[in-house]
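Descriptive analysis of the structure
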Amino acid sequence: MRRLLNLIRRDERGVTVIEFAVILPTFLLMLIGTFDIGYQVYLRATLSGAVQAAARASALEGGPSSIASIDNTVRKQVQSLAPEADITFNRKSYFSYNDVARAEAFADSNGNSVCDNNESYEDENGNSLWDKDVGKGGVGGARDVVQYNVNVTYDQLFPLWKLVGGSKRVTISSTTVFRNQPYDSQTKAESVTRTCS
């Protein structure tokens, strides 16, 4: 009996199968995670390239008249990789690069960084409200600076998100800022002094 036990103890046949069974789940998780990250990186690069091309196209004089077709081109490129993705487009125009994401000037007499209590402000975008961003919606006119943002929300390819406590939906975005071509004289809206309530 002792001799049989010594033979069994020294027998290494089948060890590879056991080691493989222990390593396989970890290896598969790493492989799936790599595919998921690679897909997201590739989708992000495709989105960025499509947004840059769309910005160049919409900066031309005829570009603003074909915004829907420009956005459709971006949509087609993204949906060739993520067919069920939700895609949103946002454009804001500014007079200059210095105005991008700048708040309208106001007299902050109470020092709370919010326009309130009848403080006066310069309504630069003409919407009769104090805004934290002076941009106007749309592509603007000649020589205007435009901030173009595209958000893409899609379902992850693999259910790895369940194991790590993540979300099934992922949102990526790409933003670019460009100046429209000088096909005409640039017009700056006159600002009106108003008061905040």
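Each value, and the rule that gives it
Residues numbered from 1 in each chain as written. Predicted model: local features only at pLDDT ≥ 70, side-chain atom pairs only at ≥ 80, totals over all residues. Heavy atoms only, no water. Helix = DSSP H or I, 4+ residues; strand = E, 2+ residues; numbered from the N terminus. Buried < 20%, exposed > 50% of the residue type's maximum accessible area, 1.4 Å probe, protein only. Pairing = 2+ DSSP bridges. Contact = heavy atoms within 4.5 Å. Axes fitted to C-alpha atoms, helices over the stretch in contact; angles between N-to-C directions. Phe/Tyr/Trp six-rings, centres within 6.5 Å; stacked < 30°, edge-to-face > 60°. Salt bridge = Lys/Arg side-chain N within 4 Å of Asp/Glu carboxyl O. Patch = residues over 30% accessible without salt bridge, like charges linked within 9 Å, V, L, I, M, F, W, Y side chains within 5 Å. Areas by Shrake-Rupley, 256 points an atom, 1.4 Å probe, with all protein chains shown as cover. Parallel < 35°, antiparallel > 145°, perpendicular 65-115°, else oblique. Left-handed = near helix turned anticlockwise from the far one by under 90°. Nonpolar A, V, L, I, M, F, W, Y, C, P; charged D, E, K, R; others polar. pLDDT = per-residue confidence, 0-100.

1. A look at unusual backbone geometry
Among all residues except glycine, the phi angle is most often negative; among peptide bonds, the trans geometry is most common. At Ala101, a position not held by glycine, the phi torsion is positive, near 60 degrees. Tracing the chain through its elements places Ala101 in the loop between β1 (86–94) and β2 (120–123). Residue class for Ala101 comes out exposed when judged on its relative accessible area of 52%. With phi around 55 degrees, Asn117 is a residue other than glycine that occupies positive phi space. Inspection of the secondary structure assignment puts Asn117 in the loop between β1 and β2.

2. Section: the sheet that holds strand β4 (residues 145–155)
Strand order in this open sheet of four strands is β3-β1-β4-β5, and the pairing throughout is antiparallel. Strand pairing shows two members of the sheet lacking a second neighbour, β3 (136–137) and β5 (169–179), which therefore form its edges. Here β1 pairs with β4 via nine bridges, running antiparallel. Residue Phe89 lies in a different strand from β4, and its bridge partner there is Val150. Running over the sheet, helix α2 (residues 15–58) touches β4 and β5 and is turned about 30 degrees from β5. Contacts from helix α3 (residues 67–79) reach β1 and β4 within the one sheet, and its direction differs from that of β1 by about 140 degrees.

3. What to know about the packing of aromatic side chains
The final tally for this structure, using the stated rule, is three aromatic pairs. With a centroid separation of 5.8 Å and 75 degrees between ring planes, the pair formed by Tyr39 and Tyr154 is classed as edge-to-face. One end of the pair, Tyr39, is in helix α2; the other, Tyr154, is in strand β4, and 115 residues separate them in sequence. Summarising the burial analysis for this pair, Tyr39 and Tyr154 share the class buried.

4. Examining the pairing of β1
When β1 meets β3, the two strands line up antiparallel, connected through two bridges. Pairing of Lys92 across the sheet is with Gly137, part of β3.

5. Some details on the pattern of salt bridges
The full count for this structure, using the stated rule, is seven salt bridges. For the salt bridge of Asp86 with Arg169, the shortest nitrogen-to-oxygen distance reads 2.6 Å. Residue Asp86 is found in strand β1, and its partner Arg169 is found in strand β5; the two are separated by 83 residues along the sequence. Residue Asp86 is classed as partly exposed on the basis of its relative accessible area, which comes to 44%. Put simply, Arg102 and Glu124 hold a salt bridge, and the shortest N to O gap is 2.7 Å.

6. Remarks on a nonpolar patch on the surface
A cluster of nonpolar residues, Ile18, Phe20, Val22, Ile23, Leu24, Phe27, Leu28, Leu31 and Phe35, forms a patch on the protein surface that exposes about 870 Å² of accessible area. Note that Phe35 resides in helix α2. Relative accessible area serves as the criterion here: at 46%, Phe35 is assigned to the partly exposed category.

7. So, the packing of α2 against α3
In the contact formed by α2 and α3, the axes pass within 9 Å of each other and the chain directions differ by 165 degrees. When the axis of α2 is compared with that of α3, the two are roughly antiparallel. Where α2 crosses over α3, the handedness of that crossing is right-handed. Residues Leu43, Thr46, Leu47, Ala50, Ala54, Ala57 and Ser58 of α2 pack against Ile67, Ile70, Val74, Gln77 and Val78 of α3. Here the contact of α2 with α3 is composed, by residue class, of nine nonpolar, three polar and no charged.

8. Concerning the confidence of the model for the protein
Mean pLDDT over the protein stands at 88; residues scoring 70 or higher make up 99%. When mean pLDDT is compared element by element in the protein, β4 scores highest at 95, while helix α1 (residues 2–10) scores lowest at 78.

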